[in-house]
Amino acid sequence: MLISGRVLGMNSAMDEISLLRQAQRHPLVREIGEEIDLEIGPGDDDPSFAHGPLVDVPQEPTSEEQEDHKHLLMAPGQDQELVRLQQTKRKKKVVKKWREEWADTYKWAYVDVFEGTTRIFCSVCREYGRKHRRNPYGNEGSRNMQMSALEEHNNSLLHKEALRLQLASKDKNLATVERPVYVKGSRVAFSTIIDSVVFELLNTLMSKTAGSIVEAVLRRDPHEVEFIQSVQEVVHSLEPVLAKSSQFVHILERLLEPERTIVFRVPWVDDKGETHVNRGFRVQFSQVLGPCRGGLRYHPNMNLSTAKFLAFEQTMRNALSPYKLGGSGGGSDFDPKGKSENEIMRFCQSFMDELYRYLGPDQDLPAEDMGVGPREMGYLFGQYRRLVGHFQGSFTGPRNFWSGSSLRTEATGYGLVYYAQLILAEMNKDLKGLRCVVSGSGKIAMHVLEKLIAFGAIPITISDSRGYLLDPEGFDYVKFPLLRDIKVQQRSLRDYVKSYTQAKYFEDAKPWSERCDLAFPCASQNEMDQADALALVNSGCRILIEGSNMPCTPQAIDVLRKAKVLIAPAKAASAGGVGVGELELSQDCSSIHWSPEEFESKLQESMKQIYQKSVKAASDYGFMKENPEALVHGGNISAFLNLAQAMIEQGCV
């Protein structure tokens, strides 16, 4: 009965391993960690296996092997001594049989050398553990130890998180990892944990110094996908800067760690009297240039990685603007959709009860982002004013009848169009008559649409989470009010088709395949993947103006670069809101109120300065105008140099 019990435990474990293997779809490591079928090492009982060749997955065991294995399983009725003798007699065949079974089991694993010792690594998370060592195969006990270890490993939090991220990936054609990176005594699977975010980084001409900076970020926060992706883009742009001085390397390493990260719970009560708890985030990334400014986002997918990514992007954006400001970002995983006015008010008040102590005009002021509009900002500011006991500054975003500029809401969208106009002017072209594709239907997208119409362009699409609306004749001043009413009343974009029958609404689709000259992605981060980028290139688009933060995946950027599509980065193109927000605070302090025309004139001047800074920085560091990413690199370099200079002057703080 002893052997029978062991076999049953073994089969149970094998079933779990089999289920795990069926769920996995992953690349295997080559070169340093080559693809294997079986971990082969010296056996305690049979040293001849030390140099045995790797074996393939067996098709069908031979009849002799089946009989041997069957005979072994029937052993429980016999004396233990007899069993031991039979095992010794058939040891070689049994071990061979086990090796063939392990060949199938180890399709999920690979062998590599770490710290001078050969280890078995899991292909899902590149983790190895106490029982992932090379074990002899000469006895049944070692095999059960392996099985137990695999169960233990597969139940670990790291492994489950890696598997979850892998299965959630939409990219079915992940590249092969050419070089592994060690993280905290183990190895991080770039293909799994951050879904190809760092593939391009390691396989391009990125310098050793730049690569080591990203590795350091990975060691600290291997699961923060969005943040790592944004760091990758900036570090890639800064290679020529880092090559000039080692001092900049240390500055960048210090910059990439936020000054302050605040995570807190937000309890609130719904209309039925039931209690809910959400999580709140605020990352004050850098105050080296001045007090922080940055958005608040309410969305179910909000997490610390997204908060850090938003804060880092805002830090770079603010450093590029003409105003001396730090950068921050945050929000909550609260979903305002489907909530009543009272529920949203109670949530915002609870959110501010914790956050208010970290806010102030000389410390940090929040702004609108996804899920946070004038209504939410009004509730937040009201609770903030109540808690601090006086009317102190203003939050950027609320309605202008009590605070806020007359152009604050439109500033970011208008700024995108002004930036596009500057690019076209450099080419001796104009927006008039150009077909433009716009994604999203929030405040940024709607104001992009409005300003494009004013410049004589032909915007033909907007989109929401369910699909996109196409009007082949283009939206104009007559049609735009209907779109605005549909969004204000929270109706479906399909309602537009009832009034204009030439329009079409496409379910579960994106607008990037429509013929166009310019594209304005204004929905969310990573909304454009590789397939979308290919569709956009085939549609004839030559310029992409980023409205949302980091709207393109690294694979999409690679497609656009090879197709010579000029990219205007969100750090520069969407900086209009920063300028108007600061002008808003200036007029609040001086009690001077400017007209919309004056604000628009100052906004245009601000965008012009940002564009010129980006072009000059790109040129100074060898990125010519012909480079489709010249504005991306120039913007990152200019922003970093401003931050680095201030950090050098203020010392190591």
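Residues numbered from 1 in each chain as written. Predicted model: local features only at pLDDT ≥ 70, side-chain atom pairs only at ≥ 80, totals over all residues. Heavy atoms only, no water.

## Some thoughts on the sheet that holds strand 16 (residues 566–568)
Taken together, 7 strands build an open sheet; the order of strands is 13-12-11-10-14-15-16 and the sheet is mixed. Among the strands making up the open sheet, the edge pair consists of strand 13 (504–507) and strand 16. Each strand axis lies, on average, 15 degrees off the axis of its neighbour in the sheet, ignoring direction. In this structure, strand 14 (residues 518–521) lies alongside strand 15 (residues 543–545), joined through 2 bridges in parallel fashion. Bridging across to strand 15, L518 finds its partner in I543. (Pairing = 2+ DSSP bridges. Helix = DSSP H or I, 4+ residues; strand = E, 2+ residues; numbered from the N terminus. Axes fitted to C-alpha atoms, helices over the stretch in contact; angles between N-to-C directions.)

## Side note on the side chain of N278
Inspection of the secondary structure puts N278 in strand 6 (residues 275–286). Only 3.1 Å separates the side chain of N278 from the side chain of D333, close enough to count as a polar contact. Those residues in contact with N278 that sit more than four places away from it in its chain are F264, R265, V266, W268, S332, D333, F334 and F347. (Polar contact = N/O pair within 3.5 Å; in protein donor to acceptor, adjacent residues only side chain to side chain. Contact = heavy atoms within 4.5 Å.)

## Some remarks on the pairing of strand 8 (residues 326–332)
Burial within strand 8 is extensive, with 7 of its 7 residues counted as buried. Side chains of strand 8 alternate between two faces, with G326, S328, G330 and S332 and G327, G329 and G331 buried alike. Pairing of strand 6 with strand 8, which is carried by 6 bridges, proceeds in the antiparallel orientation. Along strand 8, the bridge assignment pairs F281 with G331. Relative to strand 8, strand 7 (residues 292–298) is paired through 5 bridges, and the arrangement is parallel. Within strand 8, the position partnered with R297 by the bridge is G331. Once the chain exits strand 7 it traverses helix 13 (residues 304–320) before rejoining the sheet at strand 8, and the crossover so formed is right-handed. (Buried < 20%, exposed > 50% of the residue type's maximum accessible area, 1.4 Å probe, protein only. Right-handed = clockwise from strand over helix to strand, strands pointing away.)

## What about the side chain of S350?
Within the secondary structure, S350 sits in helix 14 (residues 341–355). Residue S350 is classed as buried on the basis of its relative accessible area, which comes to 12%. What S350 contacts, discounting residues up to four positions off in sequence, is V266 and P267.

## A short note on helix 12 (residues 246–255)
Of all the residues in helix 12, the buried ones are F248, V249, I251, L252 and L255. When helix 12 is viewed along its axis, its buried side chains cluster within an angular range of 165 degrees and face the same direction. Exposed residues pointing more than 90 degrees away from the buried face of helix 12 are listed as S246 and H250. Residue S245 occupies the N-cap position of helix 12, its side-chain oxygen lying 3.2 Å from the main-chain nitrogen of Q247. (Arc of directions from axis to C-beta.)

## So, the nonpolar core
Grouped together as the largest cluster of nonpolar side chains are 92 residues, with contacts concentrated most on Y419, F520 and F640. Membership of the second largest hydrophobic core comes to 21 residues, among which are V437, A556, V565 and I567. (Core = buried A, V, L, I, M, F, W, Y, C linked by side-chain atoms within 4.5 Å.)

## Quick notes on the state of the cysteines
Within this structure, the stated rule accounts for 0 disulfides. The thiol of C436 is unpaired, and the distance to the nearest cysteine sulfur, on C516, comes to 7.9 Å. (Disulfide = S-S within 2.5 Å.)

## Structural notes on helix 14
Since one α-helical turn is 3.6 residues long, residues separated by three or four positions face the same way. Over its 15 residues, helix 14 extends 21 Å from the first C-alpha to the last, a length consistent with the 21 Å expected when each residue adds 1.5 Å. E343, I344, F347, C348, S350, F351, M352 and L355 are the residues of helix 14 that are buried. Looking at the buried positions of helix 14, the neighbouring elements they touch are strand 5 (260–269), strand 6, strand 7, strand 8 and helix 15 (374–388). (Expected span 1.5 Å × (residues − 1).)

## Some details on the packing of helix 13 against helix 25 (residues 630–650)
Packed helices, taken two at a time, are described by their axes: the angle between them and the distance between them. At a minimum axis separation of 8 Å, helix 13 and helix 25 run at an interaxial angle of 85 degrees. Between helix 13 and helix 25, the angle is such that the two are roughly perpendicular. Packed against helix 13, whose contacting residues are T315, M316, A319 and L320, the element helix 25 presents G635, N636, S638, A639, F640, N642 and L643 at the interface. Split by residue class, the contact of helix 13 with helix 25 holds 6 nonpolar, 5 polar and no charged. (Parallel < 35°, antiparallel > 145°, perpendicular 65-115°, else oblique. Nonpolar A, V, L, I, M, F, W, Y, C, P; charged D, E, K, R; others polar.)

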